[in-house]
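Commentary on secondary and tertiary structure
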Amino acid sequence: MSENSAGAAAGDVMAVAATTAAGWRRAGVAGAAIGVLAAGAAAGVAVERLTVGRGMRKKARLALDATGPYGSLRGTPGRAVADDGTELYYEVDEVEPTAPADGPASDGTRRRRLFGRKAPAPVTVVFSHGYCLGQDSWHFQRAALRGLVRAVYWDQRSHGRSERGRAQGDGVALGIDQLGRDLKAVIDAAVPEGRIVLVGHSMGGMTMMALADRYPALIRDRVAAVAFVGTSSGKLGEVNFGLPVAGVRAVRRVLPGVLRALGTQAELVEKGRRATADLFAGLIKRYSFSSRDVDPAVARFAERLIESTPIDVVAEFYPAFTEHDKSGALPAFRDVPVLILAGEKDLVTPSSHSEAIADVLPEAELILVPDAGHLVMLEHPETVSDRLADLLVRSGAVAAANVGEHGSTAQQPGRR
C-alpha cells in the first residue's frame, strides 16, 4: 500500500470516529465519553483499514456470513407464554436414543426394565443467554453436549426468535425480575418434571438469580447444579468499561437518556449502524474478546448476534442492569454444585463480580480464564465446555465415561 493510500485510510478511520462522536455530542453531554469509545474503536480497526480496502472487508463479511457454521444448530422448537402474554421461543436437544429398557445396551449388557414404577425423568440443562445475544451464543457448548444430555436453549424476551415484550410495548419498564418469571415459564413448558441444571451467561445468570429470588422452592426441589458465566449479582453501575474516570461519570449520567432518545429513532439509528459497520465491529470486538487471535468467523458471529438486537431493545433493557441486585438470592444455591466462570479481562462484567458471587458461595468452583473477555464461551469454548461437562458429572447428570466419548476438550489454564 502506498503512503498516500495509507494516509487516506487512516484519515477515513478518524473521519468515521469524528462523525460518530459529533453525532453523540448533538445528543447531549455524553459526547465526550462516547467519543472516547469511538476513538478506541477507530484505533482498533485502523490497522485493518490500512491494509484492507472497504470493498474487500465487505466481501469478507459476506463470505463469513455465508459459510460460517456458527449458530446453525437447531433443536425441536417450542414456545412458552410469559405472565404478560409474551411468547418465548425455545429449542430442545434430546439425548441420543438408547436401547429399549429390557434390550441390549451398546456394551452388550442388558438393561433392566423397572417394573411397577415410572423411570425418572432425565436431567435437563437449561441455557440462558446474555444481553443483546441469543440462544445461538451457546453454539460451541451445544455442539459439545449435543446428544449427551437433554438441553433447552431459549431466547429471552425481545431477543432472537422470541416475541417483543408485550408489557414493554404497553410502557411497563423492564426489570430482571420479569426475566426470572420468563425463565419459570420456559421451565414449566419445556421441563415440567425432572432435575434441572441452570446455566446462564451475563444477563442469563442474573435471570437465574431472579428465578431463585422468586421461586426458592423450585431451586431447592429440582435444581441439581448451577453455572454462572461472566455474570454479576449487583453493583453494575460501578463498572468503568475500561474508560477514564471522567468518561465513566459522563456515560453513567446520560447514557440511559441517550439510549431512550435513540430508541425513538430506531430506523435512523439502524441505518447509522450499518453505515459505520467497521466502527461498531471494533467496539464489539473490544468489549467481547481479549485474545488477539480470535477466529475472524467467531468475531463476525458475535457481531451478527449483537447487530440483530434492535436499538430500542438495547435501550429498553439497559436500565435494568443498574438496578439489578440479587446478592440476597445467591444462598439459595448453596446446597448444589456451582460453577462460577469468567474471563479475567472482561470489561462488561469484570471478574471481580464473579469473585463476589464466590464469596457468598464458598463451596463453588471459581474459574477465571486468562486472556478472555466477556464472550468467554465463544473465545475459549473448550475451557467452558470442559468445566460444564465436569459440573454435569458432579451433579450426576451424565457419567464420566460419556463425557470423554463426546469429546470433552482439555482444560485451558484457569484459577480456582
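Reference entry: report on the structure contained in this document. (Residues numbered from 1 in each chain as written. Predicted model: local features only at pLDDT ≥ 70, side-chain atom pairs only at ≥ 80, totals over all residues. Heavy atoms only, no water.)

A separate point is the environment of Glu365. Here Glu365 is to be found in strand β8 (residues 365-369). Using a relative accessible area of 6% as the deciding quantity, one classes Glu365 as buried. When the C-alpha atoms of Glu365 and Ala227 are compared, they prove to be 9.4 Å apart, with 138 residues separating the residues in sequence. A polar atom in the side chain of Glu365 sits 2.5 Å from the side chain of Arg387. (Helix = DSSP H or I, 4+ residues; strand = E, 2+ residues; numbered from the N terminus. Buried < 20%, exposed > 50% of the residue type's maximum accessible area, 1.4 Å probe, protein only. Polar contact = N/O pair within 3.5 Å; in protein donor to acceptor, adjacent residues only side chain to side chain.)

We now examine the sheet that holds strand β4 (residues 150-154). If you trace the eight strands from one edge of the open sheet to the other, you get β1-β2-β4-β3-β5-β6-β7-β8, paired in mixed fashion. Each having just a single partner strand, β1 (76-81) and β8 make up the two edges of the open sheet. Each adjacent strand pair in this sheet contributes to an overall mean axis angle of 20°, direction not counted. With five bridges joining them, strand β3 (residues 124-128) and strand β5 (residues 196-201) adopt parallel strand pairing. Across the sheet, the residue bridging to Ser128 is Gly200, located in β5. Sheet strands touched by helix α6 (residues 176-190): β1, β2 (87-93), β3, β4 and β5. Its angle to β4, the strand with the most contacts, is close to 140°. Running over the sheet, helix α14 (residues 351-360) touches β6 (223-229), β7 (338-343) and β8 and is turned about 165° from β7. (Pairing = 2+ DSSP bridges. Axes fitted to C-alpha atoms, helices over the stretch in contact; angles between N-to-C directions. Contact = heavy atoms within 4.5 Å.)

Bringing helix α7 (residues 203-214) into the picture now. For α7, built from twelve residues, the straight-helix expectation of 16 Å at 1.5 Å per residue is met to within 8% by its first-to-last C-alpha distance of 17 Å. The buried count for α7 comes to ten of twelve residues, which makes it a mostly enclosed element. Along α7, the positions that sit buried rather than exposed are Met203, Gly204, Gly205, Met206, Thr207, Met208, Met209, Ala210, Leu211 and Ala212. (Expected span 1.5 Å × (residues − 1).)

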